[in-house]
Amino acid sequence: MCVAIRAFSLWSRRLGGVALVLAMQLANADADAPPTVTELRQAERASGGVLSRVQLPDSLYALPGAGAGAGAGADADAQAPLRAHYRLTVKLAAAPQRLALFVPGLKAHARIHFNGHLLDDSLADPLAPLPRSIARIRLIDIPIEFVRQGDNLLEVDAAGRTLLSLSPITLGPRAALLPRYNMRVLAMVIGPAFVAAVIASLALCVLLLWARRHDALYGYFGLGAMGLALHNAWSLLPSPPLPEVHNIVWWTTLYTFFVTMLVTFCLRFAGWRWRRFELLLAALVLAAAPLLYTAEAGDALAQAHAVWLLGLVGVAAVGLAAVVRYAWTQRNVNGALLLLTAGLSVAFGARDRAVHQLGEDNNPVYLVPYAGLFFAMLVAWMLIDRFVAASRAVELLNRDLEQRVSAKSTELVGAVEAMRAAKEVAEQANRAKTSFLAAASHDLRQPVHALGLYMATLVDAELNPAQLELVQRMKASLGSLDTLFNALLDISRMDAGAVTPRLRAFAPAPLLHRLAEEFAAPAAERGLRLSVRMAPAPPGLHAFSDPVLVEQIVRNLLGNAVKYTRSGGVLLSCRLRSLRGLGGAASSCYWLIEVWDSGPGIHRVDQERVFEEFYQVGNPERDRLAGLGLGLSIVRRLAQLLGHRLALFSRPGRGSRFLLELPCTTEPLPRQLSDGRQDELTGRVVAVIDDDPDVRQGMQLLLERWGCRVLAGADAAEVMRQLEGVTSPLQAIVADYRLRGGQTGVEAINTLRTDCSKAVPALLVSGESSPEQLAQMKASGFACMSKPVRPARLRSWLVDAAGLKA
């Protein structure tokens, strides 16, 4: 495709160069010709029995109701044509020589005599269609024997069905008139034909690109440019391809078609999506022929044709305005070229209009087709450049992808079956993607984890109120980042089966009040009322579930409610409900937690899809301010993991209600850690294994502030060397899962436990997110936490570990 485009571009430049050289030669020949020509502008005209003296060019028109505008039932052959007889006198002082007549505009069937001798005769059928294109431009030789010194008489008998027109006539030596004739033919026939050929070629190229890219922008321009080329070619035909009335109607219809296509292209190119206006343009194309035929039946074709063309000028002005607006906003080379082309189009159009109105030339050279050529070439170049740029981008991406696949699949070279090789490449690329995401997640979590440890150390330091407020804000921002990581990690952990519910009795009221306090500030910032309603419950009756997972479920539901509710409020409620047996007596009970909001609501067709991963209602552009679309997916999967019923009730415009059912239990609540229990960390010996110095140092500072004695190292060997000088036993191990040298935290923990005591509690801390590695961590049997680890969770585990070790 690109080779064909380059070949066409080279051919266009060569052909344009030849035309330019020919025009220069003709112009030079005209300049070198001797000034021995005589232009005849005064003539006597006899028409309808009236003799008058006229100024050339001179035109006669048929009266309304006659000629082509007559009703369809009129007999065209019985109509009398327009006729006129012109007499022109020229005095030649020089001796007779070979002369010629140059008539630049002969819009009539004519019989021409010079001094009574017949020079040319096309008056056999005066009702035939008038001459067109090159047939209107005449260079007629005068035999030398017809010329005499002194007065010479030139007579022209002209006839036409509805119109006849005669331009000024130039008499002179053939050598002097031939350059003028050639220049007129070049400007009016060869030039427009070249323009039509170039535009058609450009249109064909763009249509081929449209067939490959399926972009409507290419289609509109390709069809419009092809219509423009065909219209120009139609106007250059020496005889009309259809009878006179049909020729006018379908010529105008084709004109309407290419104008509407190009205007639609201009609107879309400028980014204006006027759907109704585009439908109106399509209706104009369909209505052109019926309306013009109706006007012809009412003897008003000429008037309707003029009004229709004027309306199309207004339509074209809309497209021109769109292009000018687009070019002005772009402010680049393409925009400047578009502005220049628009200016040329306006200037050429004004010039052509002025020439037509003045009437000094009845067969003038129009420049608008050349403006169309400039526009078509510029726009085609821009579209082709877009296509080539996109193709190059795709080519570069494919080349880069091929290089990456080739680099990662060298061992697959020589595979026997191509399909099997392709499958292996795809699987290897997928594994590489997973490894990359896991590595990226790990590397991103490392500094965030270290930052969290340093932040926890700062919170316990002696700070003034301003510094403390700043640290608290930094801690809140870090918590938001932690929430983002955890949303992505939760999906991977559940895919790997690494989430195991730890069911126990707990009181739902403190948990819900804590969440309400957490979302009170965000709700107030959005002008929402956040209310909590806790129904009274009998003493000793608690919920039985995993409070951590339940808190995550309710937190996600509350976060969505606050985020998507624009006005009104959010209600968090909890009440005890009874299940009735067959006799109507209460057989069991359950806790019903509900989150109500007055948001936009969810349509029924979307109520199931909102629980899918990454699906968001009303967020097709994937605005990350609206989240990742994982919250409700995590909610459903956690509810299924816990075996709790989760339901959604919503009506568009009325808000939504999410409910979660928790089973009841009379089991006592687990003993809460007292402040004295927290002091049990003092003096505890904790090993920290992490190959990242920042994380290791941050963990050491935090544990030392809690009163622990920390043995920190990049691997187990380094910790064991420090352990040799310690008399107290090792009481806890905190190890990163991925260590340098191919060693894992599991191996490091096993090494330390073998050397010390197998009963030492151990915690694996990792930034891994791939399901395979999460499954391996769970299979190790050690406690696991994902980076960034919240200091409160870490301290709680250490306290529990201290109790176990004790």
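Scroll up for the structure.
Now for a description of the structure that goes with this document. Just so it is clear, the model here is predicted, and its values are computed rather than measured.

1. Here we look at the overall build of the protein chain
- Along the backbone of the protein chain there are 19 helices and 25 strands.
- Within the span of the protein chain, comprising 806 residues, buried residues form 43% of the whole.
- Within the protein chain, counting contacts between residues at least 6 apart in sequence, those at least 24 apart form 74% of the total.
- Approximately 41,800 Å² of the protein chain is accessible, and the part contributed by carbon and sulfur atoms is 59%.

2. Quick word on the pairing of strand E8 (residues 109-114)
- Within E8, five of the six residues are buried, which leaves the element mostly enclosed by the surrounding structure.
- As judged from the six bridges shared by E8 and strand E11 (residues 150-160), these two strands associate in the antiparallel manner. Considered in E11, the bridge of Arg111 is made with Asp157.
- The pairing of E8 with strand E9 (residues 117-121) spans four bridges and is classified as antiparallel. If you follow His113 over to E9, its bridge partner there is Leu118.
- The turn linking E8 back onto E9 is made up of two residues, and Asn115 within it adopts a positive phi angle of 55°.

3. Some words on the sheet that holds strand E25 (residues 783-786)
- The five strands lie next to each other as E22-E21-E23-E24-E25, forming an open sheet whose pairing is parallel. In this open sheet, the two edge strands, each paired with only one partner strand, are strand E22 (709-713) and E25. Strand-to-strand twist in this sheet, taken as the mean axis angle between neighbours without regard to direction, amounts to 20°.
- Direction of pairing for strand E23 (residues 732-736) relative to strand E24 (residues 762-766): parallel, over a ladder of four bridges. Each residue of the ladder has a partner; that of Val734, found in E24, is Leu763.
- Those strands touched by helix H15 (residues 693-705) are strand E21 (685-689), E22 and E23, and its axis lies near 175° from that of E22.

4. Some points on the pairing of strand E19 (residues 646-651)
- The pairing of E19 with strand E20 (residues 655-665) spans six bridges and is antiparallel. Bridge pairing links Ala647 to Leu659 in E20.
- In this structure, the hairpin formed by E19 and E20 is closed by a connection of three residues, where Gly653 is found at a positive phi of approximately 80°.

5. Looking at the packing of helix H16 (residues 716-723) against helix H17 (residues 745-755)
- Where H16 meets H17, the closest approach of the two axes is 9 Å, and the angle between their N-to-C directions is 25°. Taken together, the axes of H16 and H17 lie roughly parallel to each other. Crossing geometry of H16 relative to H17 is assigned as right-handed. Across the interface between the two elements, Ala716, Val719 and Met720 of H16 pack against Ala748, Thr751, Leu752 and Asp755 of H17.

6. Points about the packing of aromatic side chains
- Applying the stated criterion across every chain yields a total of nine aromatic pairs.
- Taking 5.1 Å as the distance between ring centres and 25° as the angle between the ring planes, the aromatic pair formed by Trp272 and Trp274 counts as stacked.
- What links up through ring pairs into an aromatic cluster is the set Phe221, Phe265, Phe269 and Tyr326.

7. A closer look at the environment of Pro547
- Of note, Pro547 is situated in helix H12 (residues 547-564).
- Its relative accessible area of 8% is what places Pro547 among the buried residues.
- Along the chain, Pro547 and Pro501 lie 46 residues apart, while their C-alpha atoms are 9.2 Å from each other.
- Look past the residues within four positions of Pro547 in its chain and what remains in contact with it is Arg502, Arg504, Phe506 and Leu511.

8. Details of the pattern of salt bridges
- This structure, assessed with the given rule, holds 19 salt bridges.
- Ionic pairing is found between Glu155 and Arg87, a salt bridge with its closest N-O pair at 3.3 Å. Here Glu155, found in strand E11, pairs with Arg87, found in strand E5 (residues 82-92); they are 68 residues apart in sequence, far enough to count as distant.
- Residue class for Arg87 comes out partly exposed when judged on its relative accessible area of 36%.
- Through salt bridges with shared partners, one network takes in Arg514, Glu518, Glu551 and Arg555.

9. Regarding the nonpolar core
- One finds Ile199, Phe221, Phe265, Leu338 and Leu383 to be the most contacted residues of the largest nonpolar core, which totals 45 residues.
- The set of elements that each furnish at least two residues to this core consists of helix H2 (174-213), helix H3 (216-236), helix H4 (244-269), helix H5 (275-297), helix H6 (301-330) and helix H8 (368-408).
- Sequence-distant contacts of Phe265, defined by excluding residues within four places in its chain, comprise Leu217, Tyr220, Phe221, Phe375, Val379 and Leu383.
- In terms of nonpolar packing, the next biggest core, distinct from the first, is built from 39 residues, Ala543, Val610, Phe611 and Leu660 among them.

10. Topic: the sheet that holds strand E6 (residues 99-103)
- Read across the open sheet, the four strands follow the order E1-E13-E6-E10; overall the sheet is antiparallel. Edge strands, defined here as strands with exactly one partner in the open sheet, are strand E1 (38-40) and strand E10 (138-142). Strand-to-strand twist across the sheet, computed as the mean angle between neighbouring axes with direction ignored, equals 20°.
- As paired elements, E6 and E10 share five bridges and run antiparallel to each other. Bridging from a neighbouring strand, Leu99 pairs with Ile142 of E10.
- Running over the sheet, H2 touches E6, E10 and strand E13 (169-173) and is turned about 135° from E13.

11. A few points about unusual backbone geometry
- The omega torsion of the bond from Leu56 to Pro57 falls at 5°, within 30 degrees of zero and hence cis.
- Locating Pro57 in the fold gives a position in the loop between strand E3 (50-55) and strand E4 (58-61).
- Unlike most non-glycine residues, Asp299 shows phi in positive territory, near 60°.
- Within the secondary structure, Asp299 is located in the loop between H5 and H6.

12. A short note on the side chain of Ser167
- By the secondary structure assignment, Ser167 is in the loop between strand E12 (163-166) and E13.
- A polar contact is formed between the side chain of Ser167 and the backbone nitrogen of Gly105, at a distance of 2.9 Å.
- In contact with Ser167, not counting residues within four places along its chain, are Leu56, Pro57, Val103, Pro104, Gly105 and Asn362.

13. What about helix H11 (residues 508-525)?
- With 18 residues, H11 extends 26 Å between its outermost C-alpha atoms, agreeing within 8% with the 26 Å of an ideal straight helix rising 1.5 Å per residue.
- At Phe519, H11 shows its largest kink, close to 40°, and the proline Pro522 lies no more than four residues downstream.
- Buried within H11 are the following residues: Pro508, Leu511, Leu512, Leu515, Ala516, Phe519 and Ala523.

14. Quick notes on the packing of H4 against H6
- Two elements in contact, H4 and H6, have axes whose closest approach is 8 Å; the angle formed by their N-to-C orientations is 15°. By the criterion of interaxial angle, the relationship of H4 to H6 is roughly parallel. Handedness of the H4/H6 crossing: left-handed. Contacts between H4 and H6 involve Val245, Ile248, Trp251, Thr252, Tyr255, Thr256, Val259, Val263, Cys266, Leu267 and Phe269 from the first element and Leu301, His305, Trp308, Leu309, Leu312, Val315, Ala316, Val318, Gly319, Ala322, Val323 and Tyr326 from the second.
- A breakdown of the residues in the contact of H4 with H6 according to their chemical character gives 19 nonpolar, four polar and no charged.

Basis of the calculations
Residues numbered from 1 in each chain as written. Predicted model: local features only at pLDDT ≥ 70, side-chain atom pairs only at ≥ 80, totals over all residues. Heavy atoms only, no water. Helix = DSSP H or I, 4+ residues; strand = E, 2+ residues; numbered from the N terminus. Buried < 20%, exposed > 50% of the residue type's maximum accessible area, 1.4 Å probe, protein only. Contact = heavy atoms within 4.5 Å. Areas by Shrake-Rupley, 256 points an atom, 1.4 Å probe, with all protein chains shown as cover. Pairing = 2+ DSSP bridges. Axes fitted to C-alpha atoms, helices over the stretch in contact; angles between N-to-C directions. Parallel < 35°, antiparallel > 145°, perpendicular 65-115°, else oblique. Left-handed = near helix turned anticlockwise from the far one by under 90°. Phe/Tyr/Trp six-rings, centres within 6.5 Å; stacked < 30°, edge-to-face > 60°. Salt bridge = Lys/Arg side-chain N within 4 Å of Asp/Glu carboxyl O. Core = buried A, V, L, I, M, F, W, Y, C linked by side-chain atoms within 4.5 Å. Polar contact = N/O pair within 3.5 Å; in protein donor to acceptor, adjacent residues only side chain to side chain. Expected span 1.5 Å × (residues − 1). Bend = angle between axes of the 7 residues up to and from the residue. Nonpolar A, V, L, I, M, F, W, Y, C, P; charged D, E, K, R; others polar.

Everything listed is a geometric property; what it means functionally is a separate question.
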